[in-house]
Amino acid sequence: DASYLLSRILQCFAPGIPQIYYVGLLAGENDIELLEATKEGRNINRHYYTLEEIEKEVERPVVKQLLSLLRFRNTSKAFDLDGEIQISTPDESTIEIVRSSADHQSKARLVANLATKEFTIEENGVRVQL
């Protein structure tokens, strides 16, 4: 779950608008049974969730954190499409990404250790809790 969440965090800090399908939103796994039944390669990640499955999945900590991340990204002006992005790699396992709004009034900063999967997110100097 830590690797998955960090990959989605990096996606959300990358340029553009992140595209996340519903299976990804629910941190779903490959649906081998559907793939074998349909022989359609793309169906490996197209599980058809029941309402009961969705209710269960949204209670998982990784899904709650992902939803929190997306709410943060959707409400922070730092992710304006006309804003700026600065990326640095202070060492071989750390990446820092800073997103700034076009008017420089809002700033979101991610510091992530890709080896340990630990990360911090700040908005205008205040730590964001996912």
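This structure is a prediction, so every number in the text was calculated from the model and none was measured.

(A) Molecular detail of the sheet that holds strand β5 (residues 126–127). Here five strands make up an open sheet; going across it, the order is β1-β2-β3-β4-β5 and the pairing antiparallel. Of all strands in the sheet, those bounded by a partner on one side alone are β1 (84–91) and β5. Here five bridges tie strand β3 (residues 107–113) to strand β4 (residues 119–123), and the two strands are oriented antiparallel to one another. Within β4, the residue paired with A112 across the bridge is F119. Along the sheet face, helix α1 (residues 2–13) touches β1, β2 (94–100), β3 and β4 and points at about 145° away from the line of β3.

(B) How the structure looks around α1. Helix length check: α1, at 12 residues, gives a terminal C-alpha distance of 17 Å against a target of 16 Å (1.5 Å per residue), a fit within 8%. Residues L5, L6, R8, I9, C12 and F13 constitute the buried set of α1. Axial view of α1: buried residues confined to an arc of 160°, hence all on one face. For α1, the elements touching its buried residues are α2 (22–25), α5 (61–75), β1, β2, β3 and β4.

(C) Looking closely at the packing of α1 against α5. Direction vectors running N to C along α1 and α5 enclose 10°, while the axes themselves pass 10 Å from each other. When the axis of α1 is compared with that of α5, the two are roughly parallel. Packed against α1, whose contacting residues are Y4, L5, R8, I9, C12 and F13, the element α5 presents V62, Q65, L66, L69, L70, F72 and R73 at the interface. Among the residues forming the contact of α1 with α5, the class breakdown is 10 nonpolar, one polar and two charged.

The rules behind each value
Residues numbered from 1 in each chain as written. Predicted model: local features only at pLDDT ≥ 70, side-chain atom pairs only at ≥ 80, totals over all residues. Heavy atoms only, no water. Pairing = 2+ DSSP bridges. Helix = DSSP H or I, 4+ residues; strand = E, 2+ residues; numbered from the N terminus. Contact = heavy atoms within 4.5 Å. Axes fitted to C-alpha atoms, helices over the stretch in contact; angles between N-to-C directions. Expected span 1.5 Å × (residues − 1). Buried < 20%, exposed > 50% of the residue type's maximum accessible area, 1.4 Å probe, protein only. Arc of directions from axis to C-beta. Parallel < 35°, antiparallel > 145°, perpendicular 65-115°, else oblique. Nonpolar A, V, L, I, M, F, W, Y, C, P; charged D, E, K, R; others polar.

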